[in-house]
Amino acid sequence: MNILAIESSCDETCAAIVRDGRQVLSDVVFSQIDIHRLYGGVVPEIASRSHTEHIVTVMDEALRQAGLTKGDIDAVAVANGAGLVGALLVGVSAAKAFAYSMGVPLIAVSHIRAHVAANYITYPELTPPFVCLVVSGGHTMLIEQSDYINSRVLMETADDAAGEAFDKCARVLGLGYPGGVAIDSRSGFGKPDIEFFKHASIIRGGSFSYSGLKTAVINYLNSAKQRGEDVNIDDVCASFTRHAIEPLVHFGVMSARAVGKLAVAGGVSANSYLRRRLMIECEKAGISLYLPKLRYCTDNAAMVGSLAYFYHQAGEGIADLTLNAEPNKL
Ligand code: KG4
Ligand code: ZN
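Here is what the cut-offs are and how they apply
- Residues numbered from 1 in each chain as written.
- Chains lettered and ligands numbered in written order.
- Predicted model: local features only at pLDDT ≥ 70, side-chain atom pairs only at ≥ 80, totals over all residues.
- Heavy atoms only, no water.
- Pairing = 2+ DSSP bridges.
- Helix = DSSP H or I, 4+ residues; strand = E, 2+ residues; numbered from the N terminus.
- Contact = heavy atoms within 4.5 Å.
- Axes fitted to C-alpha atoms, helices over the stretch in contact; angles between N-to-C directions.
- Near = heavy atom within 4 Å.
- Polar contact = N/O pair within 3.5 Å; in protein donor to acceptor, adjacent residues only side chain to side chain.
- Areas by Shrake-Rupley, 256 points an atom, 1.4 Å probe, with all protein chains shown as cover.
- 1 Å grid on protein atoms, 1.4 Å probe; cavity = no way out; pocket = protein on both sides within 12 Å on 5 of 7 lines; lining within 4 Å.
- Sits in = over half its atoms within 2 Å of the grid points.
- Points joined across faces, edges and corners; volume = space filled by probe spheres on them.
- Phe/Tyr/Trp six-rings, centres within 6.5 Å; stacked < 30°, edge-to-face > 60°.
- Buried < 20%, exposed > 50% of the residue type's maximum accessible area, 1.4 Å probe, protein only.
- Nonpolar A, V, L, I, M, F, W, Y, C, P; charged D, E, K, R; others polar.
- Donors = N, O, S within 2.8 Å, 3.2 Å for Na, K, Ca; no water.

A description of the sheet that holds strand β3 (residues 23-31) should follow, citing residues and the corresponding values.
Taken in spatial order, the six strands of this open sheet run β3-β2-β1-β4-β5-β13, and their pairing is mixed. Either end of the sheet is taken by a strand with one partner, and the two such strands are β3 and β13 (318-319). Here eight bridges tie strand β2 (residues 12-19) to β3, and the two strands are oriented antiparallel to one another. When the sheet's bridge partners are listed, I17 is paired in β3 with S26. Where helix α2 (residues 44-66) meets the sheet, it contacts β1 (2-7), β2 and β3, and its direction lies at approximately 25 degrees from that of β2.

What follows is the structure, given as structure tokens:
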């Protein structure tokens, strides 16, 4: 079954064609990073306009790269949330137009759950149940994926998401947008030995809590300035990363012990420190670790096409032309 999938939740216009949930025939991403970089972050109105300008070209390119025509597509899938409402609406409208004009089913999935499916593409042998650490710009959750459709939240963030903390910290350090990648690359040159606060501060009442980390970094920078001391930005990045990531590693490994399988999903799963630390700790604990290929960590449509296939098999997620964007969809 060939699914044409669309993802437009934030600053990337994406279309992909996925066969039977695991085989990516094409995967096209038009990134708006250069546009938003001028403003230091994503400007929602500009994102929507850019999606409108590029969506048709990106869909055509997905067909061209797969060597298929519109008639070869069996269903169209779209992530109709979570994300920026105006941005999501562009993908939803394009998917509805395709479904209507070609007479194929329309499947709506959650962008966050689709991140989990990035693992099905990278690991054709991976099947539920497993535990997944979902770490993106808007979400930080540990979930138990019991089958392809159903999952249960084990732990989540009480405030900011991990990716958001990376982006905010990068802004404070003057590293610009997108922040996560900038901090990741600077961290490699730094020593992770600054104590902003104890690791326990990332955990509050059984939840992750990232809102204090940015303040702790600002306080550190201000006190160094008052004392006339130089700050080594690479060391700050490496130390911030350790503070942000270690609790994810700890609780991820702990939660996956029983089932023996830990997957990771979302933009922060591209972080090199997280990937390295999880490889070490999962090996020690005898847990099989699943890390999506870097290309499938951040937003893409292939993951949407993968999840949509499993939804279709289960008779779930079938939408009609009243489908709307759901900015807070989980
Ligand atoms: O999943 P994603 O592409 O979009 C959302 O659904 O939010 O995740 C984007 C987030 C951003 O906060 C970005 O800073 C973070 O993922 N990110 C990273 C890295 N690459 C992207 N964070 C840390 N290290 C990275 N290498
Ligand atoms: Zn995402």
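After that view of the structure, there is still more to cover.
Before we move on, can you summarise the site of ligand 1 with the specific residues and values?
Neighbouring residues of ligand 1: 18 residues in total, closest H115, G137, D167, D184 and G267. At 2.8 Å from an oxygen atom of ligand 1 is found a main-chain nitrogen or oxygen belonging to G137. The protein chains hide 88% of the 550 Å² of surface that ligand 1 would expose on its own. Placement of ligand 1 is best described as lying within the largest pocket. Of all the secondary-structure elements, those providing two or more residues to the shell around ligand 1 are α4 (111-122), α5 (162-172) and α6 (179-187).

Which residues make up empty space enclosed by the protein, and what values go with them?
Space left empty within the atom packing is revealed by a probe, the size of a water molecule, rolled over the atoms. Under the defined criterion, the tally for this structure stands at two cavities of 30 Å³ or more. Forming the boundary of the largest cavity are R113, V116, A117, Y120, Q145, Y148, I149, L307 and Y311. Elements with a minimum of two residues in the lining of the largest cavity: α4 and α10 (302-314). Ranked by residue count, the leading element in the lining of the largest cavity is α4, at four residues.

I'd love a proper account of the packing of aromatic side chains, names of residues and values included.
Tallied over the full model, the rule gives nine aromatic pairs. Consider the rings of Y123 and Y290, whose centres lie 5.0 Å apart with planes at 85 degrees: the pair is edge-to-face. Here Y290 lies in strand β12 (residues 288-290) and Y123 lies in the loop between α4 and β6 (130-135), a separation of 167 residues in the sequence. The class of Y290 is buried, set by a relative accessible area of 11%.

Can you tell me about α6, naming the residues and giving the values?
Here α6 has its buried residues at G179, A182, I183, D184 and S187. Here the buried face of α6 lies against α5, α8 (233-256) and α9 (272-285).

Provide a residue-level description of the layout of surface pockets, including the pertinent values.
In this structure, the largest pocket encloses a volume near 1100 Å³. With six residues, the top contributor of residues to the lining of the largest pocket is α5. Here the residues of the lining of the largest pocket are counted per class, giving 14 nonpolar, 16 polar and eight charged.

With reference to specific residues and values, describe the pairing of strand β11 (residues 261-265).
Among the five residues in β11, five count as buried, and that is most of the element. Side chains K261, A263 and A265 of β11 all project onto a buried face; the interleaved residues L262 and V264 project onto the opposite face, where all are buried too. Judged from the four bridges that link them, β6 and β11 form a sheet pairing that is parallel. For C132, the partnering residue across the bridge sits in β11 and is A263. In terms of strand pairing, β11 meets β12 through three bridges, oriented parallel. The residue of β12 that forms the bridge with K261 is S288.

Could you give an account of the coordination of the zinc ion (ligand 2), with specific residues and numbers?
Within the protein, the atoms that donate to the zinc ion (ligand 2) are H111 (NE2), H115 (NE2) and D299 (OD), at distances of 2.0 Å. Written as a sequence motif, the donor arrangement for the zinc ion (ligand 2) is H-x3-H-x183-D. Of the two residues, H115 sits in helix α4 while D299 sits in the loop between β12 and α10, which places them 184 residues apart along the sequence. When its relative accessible area of 1% is taken as the criterion, H115 is described as buried.

Describe the sheet that holds strand β7 (residues 140-145), naming the residues involved and giving the relevant values.
Pairing is mixed across the open sheet formed by five strands, whose spatial order is β8-β7-β6-β11-β12. The outermost strands of the open sheet, each flanked by one partner alone, are β8 (151-156) and β12. Across this sheet, the average inter-strand angle for adjacent strands is 20 degrees, counted without regard to direction. Against the sheet, α9 makes contact with β6, β11 and β12, and its axis sits at roughly 175 degrees relative to β11, the strand it touches most.

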